[in-house]
Amino acid sequence: MSIDTPEPGPLVGIIMGSRSDWETMRHAAETLEKLGVPHETKVVSAHRTPDRLVEYARSARGRGLQVIIAGAGGAAHLPGMAAAMTPLPVLGVPVESHALKGMDSLLSIVQMPGGVPVGTLAIGRAGAINAGLLAASILALADPALARRLDEWRAAQTAGVPETPA
Ligand code: RP5
């Protein structure tokens, strides 16, 4: 970017309950990077840093964010609590836990009470990638250039699938 064209502010906020979630959540960031979607990343724990969560979720829309991707493992309350405090769409990524392989994370995130939605993705890396793609699709509804980049991404994926297994 030149000095005349300031970097656009982040449109997607990627939050995660711990630094240990980054190995999974980096796939959401990398997906957005490939698609040219401005985003930010932050560790925000529902349990260990509740005040940081409140500040983040309540200020998200005012700061220009349009979608939040929240990843957490175990008793994964982060996506649901974020959704409780922002009108923005929240996409939840269940991080694979050691003890229960992410089933705990999945059930904690997916079983929201009616009225406070979290769009829940698959456990682990696939969920993080798809959260990035889904966030981009949401933004693409109002961004034709991004919609074209998504179409190109899909076409490249299709072209990369061989017809024979070996
Ligand atoms: C959750 O606890 C985090 O989202 C993480 O998946 C899990 C374990 O955190 P660490 O003990 O590795 O920091 O809050």
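Residues numbered from 1 in each chain as written. Predicted model: local features only at pLDDT ≥ 70, side-chain atom pairs only at ≥ 80, totals over all residues. Heavy atoms only, no water.

Under an unreviewed UniProt entry, the name given to the chain is N5-carboxyaminoimidazole ribonucleotide mutase, and the organism recorded is Siccirubricoccus soli. Of the comments in the UniProt record for the chain, the one headed Catalytic activity (unreviewed entry) reads "5-carboxyamino-1-(5-phospho-D-ribosyl)imidazole + H(+) = 5-amino-1-(5-phospho-D-ribosyl)imidazole-4-carboxylate". Quoted verbatim from the Sequence similarities (unreviewed entry) field of UniProt, the annotation for the chain is "Belongs to the AIR carboxylase family. Class I subfamily." (UniProt positions renumbered as here; feature names shortened; annotations may be inferred.)

Draft legend 1. Spatial organisation of the layout of surface pockets. Taken as a whole, the largest pocket encloses approximately 440 Å³ of empty space. Broken down by secondary-structure element, the contributors of at least two residues to the lining of the largest pocket are α1 (22-34) and β3 (67-73). Among the residues forming the lining of the largest pocket, the class breakdown is six nonpolar, 11 polar and four charged. (1 Å grid on protein atoms, 1.4 Å probe; cavity = no way out; pocket = protein on both sides within 12 Å on 5 of 7 lines; lining within 4 Å. Points joined across faces, edges and corners; volume = space filled by probe spheres on them. Helix = DSSP H or I, 4+ residues; strand = E, 2+ residues; numbered from the N terminus. Nonpolar A, V, L, I, M, F, W, Y, C, P; charged D, E, K, R; others polar.)

Draft legend 2. Representation of the pairing of strand β4 (residues 90-95) within the structure. Buried residues dominate β4, accounting for six of its six residues. Alternating positions in β4 separate into two faces, V90, G92 and P94 on one and L91, V93 and V95 on the other, with burial throughout. As judged from the six bridges shared by β3 and β4, these two strands associate in the parallel manner. Following the sheet pairing, G73 is matched in β4 by V95. Of the crossover connections in this fold, the one passing from β3 over helix α3 (residues 78-84) to the parallel β4 is right-handed. Where β4 and strand β5 (residues 119-120) come together, two bridges link them in parallel fashion. In the sheet register, G92 faces β5, and the bridge partner there is T120. (Buried < 20%, exposed > 50% of the residue type's maximum accessible area, 1.4 Å probe, protein only. Pairing = 2+ DSSP bridges. Right-handed = clockwise from strand over helix to strand, strands pointing away.)

Draft legend 3. The sheet that holds β3, seen in detail. Taken in spatial order, the five strands line up as β2-β1-β3-β4-β5 in an open sheet, and their pairing is parallel. Strands with a single pairing partner mark the edges of an open sheet, and in this sheet they are β2 (39-43) and β5. In the packing of helix α2 (residues 50-59) onto the sheet, contacts are made with β1 (12-16), β2 and β3, and the angle to β2 comes to roughly 160°. The strands touched by helix α4 (residues 103-110) within the sheet are β3, β4 and β5, with β4 carrying the most contacts at an inclination of about 160°. (Contact = heavy atoms within 4.5 Å. Axes fitted to C-alpha atoms, helices over the stretch in contact; angles between N-to-C directions.)

Draft legend 4. Spatial organisation of α1. Under the 1.5 Å per step criterion, the end-to-end length of α1 is 17 Å for 13 residues, consistent within 8% with the ideal 18 Å. Residues of α1 that are buried: T24, M25, H27, A28, A29, T31 and L32. Buried residues along α1 sit against β1, β2, β3, β4 and α5 (125-140). In the segment just after α1, G36 is the residue with positive phi, at about 70°. (Expected span 1.5 Å × (residues − 1).)

Draft legend 5. Spatial organisation of the site of the ligand. Every residue close to the ligand is listed here: G17, S18, S20, D21, R48, A72 and G73. Separating an oxygen atom of the ligand from a side-chain N or O atom of S18 is a distance of 2.6 Å. Within the side chain of D21, an N or O atom sits 2.5 Å from an oxygen atom of the ligand. For the ligand, the protein covers 65% of the area, taking 360 Å² as the surface of the free molecule. Spatially, the ligand is embedded in the largest pocket. By residue class, the composition of the shell around the ligand is one nonpolar, four polar and two charged. (Near = heavy atom within 4 Å. Polar contact = N/O pair within 3.5 Å; in protein donor to acceptor, adjacent residues only side chain to side chain. Areas by Shrake-Rupley, 256 points an atom, 1.4 Å probe, with all protein chains shown as cover. Sits in = over half its atoms within 2 Å of the grid points.)

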